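Coordinates in review
Below are the chains, spelled out letter by letter.
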Amino acid sequence: MGEKNTGRKRRITLRLTTDEYTEMEQNWKNSTVRKLSEFVRRLIFGRKFTVYTRNKSQDELLEELVLLRRELNAIGVNFNQAVHRLHTLDHAPQMQRWIERFEQDKEHYFSVVGNVELRVKSLVELWSR
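Residues numbered from 1 in each chain as written. Predicted model: local features only at pLDDT ≥ 70, side-chain atom pairs only at ≥ 80, totals over all residues. Heavy atoms only, no water.

Comments concerning the overall build of the chain
Filter applied, for reference: Starting at the N terminus, helices and strands are each numbered in turn, a helix being any DSSP run of H or I of at least four residues and a strand any DSSP run of E of at least two. Taken over C-alpha atoms, the radius of gyration is set against a globule rule of 2.2 Å times the number of residues to the power 0.38. Whether a residue is buried, partly exposed or exposed follows from its accessible area with a 1.4 Å probe, protein chains only, as a fraction of its type maximum: under 20%, in between, or over 50%, in that order. Throughout, a contact is declared for two residues whenever any of their heavy atoms are within 4.5 Å. Per-residue accessibility takes into account occlusion by the displayed protein chains alone, with areas from the Shrake-Rupley method and a 1.4 Å probe.
In terms of helices and strands, the chain carries 4 helices and 0 strands. Tracing the chain from N to C terminus, the helices and strands come up as α-α-α-α. Rg of the C-alpha trace for the chain: 29 Å, well past the compact-globule value of 14 Å for 129 residues, more than 25% over. Considering only C-alpha atoms, the chain reaches an extent of 90 × 45 × 25 Å along its principal axes. Scored against the burial criterion, the 129 residues of the chain give a buried share of 13%. Sequence separation of 24 or more characterises 39% of the internal contacts of the chain that already satisfy a separation of 6 or more. Carbon and sulfur atoms make up 52% of the accessible area of the chain, which amounts to about 11,700 Å² in all.

Observations concerning the layout of surface pockets
Worth spelling out the cut-off: In this analysis, the protein atoms alone were mapped onto a 1 Å grid. Cavities are point sets where a 1.4 Å probe fits without being able to get out; pockets are open sets with protein on both sides within 12 Å along at least five of seven lines; lining residues have an atom within 4 Å of a point. Grid points are joined across faces, edges and corners, and a volume is the space filled by probe spheres set on the points.
As a volume, the largest pocket reaches approximately 900 Å³. Every residue lining the largest pocket is counted, 21 residues in all, and those nearest its centre are Ile-12, Ser-37, Glu-38, Val-40 and Arg-41. Where the lining of the largest pocket is concerned, the elements lending two or more residues are α1 (18-29) and α2 (36-45). Here the lining of the largest pocket gets 7 residues from one element, more than from any other, and that element is α2.

Section: the pattern of salt bridges
Two side chains with opposite charge may pair up if their charged atoms get near one another. Our working rule: For this document, the term salt bridge refers to a Lys or Arg side-chain nitrogen within 4 Å of an Asp or Glu carboxyl oxygen.
The final tally for this structure, using the stated rule, is 4 salt bridges. Residue Glu-25 pairs with Lys-29 through a salt bridge whose shortest N-O separation is 3.7 Å. Taken together, the residues span about one helical turn, with Glu-25 and Lys-29 both in helix α1 at a distance of 4 residues. Assessed through its relative accessible area of 51%, Lys-29 is described here as exposed. A salt bridge links Arg-41 to Glu-38; the shortest N-O distance between them is 3.0 Å. With Arg-41 and Glu-38 both in helix α2 and 3 residues apart, the pair spans about one turn of that helix. Within the structure, one salt-bridge network assembled from shared partners comprises Glu-38, Arg-41 and Arg-42.

This is the structure:
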């Protein structure tokens, strides 16, 4: 798999500090340019290229919302299983045990939902600044 002949026969050697190279590499990785050499050529000759920028607070918000969605989904699945179990019970003693278990689970669910509400509230406050 040989590269196509671009006619580029001249080389320029450039020395950079570690910090300079790291900064250049980060800029290159955030761009749409695939090769570092093409990125440097575009910089030297002032050609245009696209750079992706990321908002750290948006990334953190997205991660937190994904976690919250998972927690709420787990709560919903557990609740659906409990209701399904209720429909399959046909004896009063089983029903009594299920109600006791459900009361314990309900308190856990409410505490988790309360935590979710607090997190969402803090994220809204952070986001609205």
